[in-house]
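Inside the fold
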Amino acid sequence: VQSGWRNCDSCAGRWWDFSRPHCQCSVSPTFSSRPSYPRVVFLTWAVSLTLCVPPCPSPEPKVVFAKEQPAHRELQAEVGASATLSCEVAQAQMEVTWYKDGKKLSSSSKVRVDAVGCTRRLVVQQVGQTEAGEYSCEAGGQRLSFHLHVTGQYFGDAE
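Reading guide: rules and limits
- Residues numbered from 1 in each chain as written.
- Predicted model: local features only at pLDDT ≥ 70, side-chain atom pairs only at ≥ 80, totals over all residues.
- Heavy atoms only, no water.
- Helix = DSSP H or I, 4+ residues; strand = E, 2+ residues; numbered from the N terminus.
- Buried < 20%, exposed > 50% of the residue type's maximum accessible area, 1.4 Å probe, protein only.
- Contact = heavy atoms within 4.5 Å.
- Areas by Shrake-Rupley, 256 points an atom, 1.4 Å probe, with all protein chains shown as cover.
- Core = buried A, V, L, I, M, F, W, Y, C linked by side-chain atoms within 4.5 Å.
- Pairing = 2+ DSSP bridges.
- pLDDT = per-residue confidence, 0-100.

Attention now goes to the overall build of the protein chain. Counting its regular elements, the protein chain contains 0 helices and 12 strands. Per-residue burial over the protein chain gives 27% buried out of 159 residues. At a minimum sequence separation of 6, the contacts of the protein chain that also span at least 24 residues come to 56%. On the protein chain, roughly 11300 Å² of surface is accessible, and the fraction owed to carbon and sulfur atoms is 54%.

To continue, consider the nonpolar core. Phe65 and Trp98 are the most contacted members of the largest nonpolar core, which has 22 residues in total. Among the elements of the structure, strand S6 (83-88), strand S10 (119-124), strand S11 (133-139) and strand S12 (142-151) are those that each provide at least two residues to this core. Looking at this core, the element that brings in the most residues is S12, giving 4 residues.

In this section: unusual backbone geometry. Excluding glycine, residues mostly have negative phi values, and the peptide bonds linking residues are mostly trans. The phi angle at aspartate 101 is positive, at roughly 50°, despite the residue not being glycine. Turning to its location among the elements, aspartate 101 is positioned in the loop between strand S7 (97-100) and strand S8 (103-104). The class of aspartate 101 is partly exposed, set by a relative accessible area of 45%. Phi angles above zero are rare outside glycine, and glutamine 126 is one such case at about 40°. Given the relative accessible area of 57%, glutamine 126 is considered exposed.

Here the focus is the sheet that holds S7. Read from one edge of the open sheet, 5 strands run S5-S12-S11-S7-S8, paired in mixed fashion. Strands with a single pairing partner mark the edges of an open sheet, and in this sheet they are strand S5 (72-78) and S8.

This part takes up the confidence of the model for the protein chain. Averaged over every residue, the pLDDT of the protein chain is 76; the share at 70 or more is 58%. Under a pLDDT of 50 for its full length, residues 20-27 has, in the predicted model, 21 contacts with residues more than four places off or in other chains.

Here it is as structure tokens:
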């Protein structure tokens, strides 16, 4: 007798079976006697129980971002200027997390994170070549990505 998980053809679920390939519980009596005791009849019950476990329903993906947005955007900023990356969330209370090259960002003197209504913004002040790279806005397991290109050269103070 082989046992184990099997796929159920009728309900697309999975079932654990010891002998039968369908969802059921059956009880059948078995009569037997021992040759040395012909007057005694033994009654035993054979029970086969097969449980069907329905498949996990795949939840509808939660709408996190407004649908009109591309999944990836290319942005350009001049050295010394500000760069603004923005995304629109589907619900005003949705929180997002911003990343640069895979590292989580938070507000600082160089970076400002804003949330107004359904708009989420990351403002990078006075961009330089170190601010160029891949940025992403993540919420609810979904992501929008941005590639920031920085053009021009920063000469700083000449001495």
